Amino acid sequence: RDSGIVFVLGDGWAQWLSPQLKAPMRAAAHAMVMSDSTARRAWYGRMFLPPAEAVVSADGVTFREWKQQQEQAALSLADKPNKSADVGHPVGC
């Protein structure tokens, strides 16, 4: 039997940390296609968020500030069902 462990980095890595690297990395895709309809797969995931005071952008924005901006942008759209917004980095926080 084939088996293995894969560590997957998310979009937070791609947006915040990867630009600092010589060889940037991209976030893993969230879709998967299994060619064998009888195949089984187990999956476990855990999201680790940066500390609140971690600087997540070149202009010095902290994770706390970024998260507050995202929350405010999302709340401002709550009563506008046909609108969408660019709420910054697409990180699942």
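Residues numbered from 1 in each chain as written. Predicted model: local features only at pLDDT ≥ 70, side-chain atom pairs only at ≥ 80, totals over all residues. Heavy atoms only, no water.

## Some remarks on the overall build of the chain
Operational definition: A run of DSSP states H or I qualifies as a helix once it reaches four residues; a run of E qualifies as a strand once it reaches two. Both are numbered from the N-terminal end. Should any heavy atoms of two residues lie within 4.5 Å, those residues are counted as being in contact. Using a 1.4 Å probe, the Shrake-Rupley method yields the accessible areas, and only the shown protein chains count as cover for residues.
Within the chain, the secondary structure is distributed over two helices and zero strands. Nonlocal contacts in the chain, meaning residues at least 24 apart in sequence, comprise 29% of its contacts between residues at least 6 apart. A total of about 8,300 Å² of accessible surface is found on the chain, and carbon and sulfur atoms cover 54% of it.

## Let's talk about the pattern of salt bridges
What counts is decided by this rule: Here a salt bridge means any side-chain nitrogen of Lys or Arg lying within 4 Å of a carboxyl oxygen belonging to Asp or Glu. Residue exposure (1.4 Å probe, protein chains only): buried if accessible area is under 20% of the type maximum, exposed if over 50%, otherwise partly exposed.
For the structure on display, the rule yields one salt bridge. Where E53 meets R64, a salt bridge forms, and the shortest distance between an N and an O atom there is 1.9 Å. Highlighted residues: E53 in the loop between α1 (11–17) and α2 (63–76) and R64 in helix α2, separated in sequence by 11 residues. Judged by its relative accessible area of 40%, R64 is partly exposed.

## Describing α2
Here is the rule we go by: Every helix has an expected span of 1.5 Å times one less than the residues it contains. This arc corresponds to the set of directions leading from the helix axis out to the C-beta atoms.
Its 14 residues give α2 an end-to-end C-alpha distance of 20 Å, which sits within 8% of 20 Å, the value for a rise of 1.5 Å per residue. Among all positions in α2, only F63, W66 and Q70 are buried. One side of α2 carries all its buried residues, which in axial view fall inside an arc of 65 degrees. Away from its buried face by more than 90 degrees, α2 exposes Q72 and L75.

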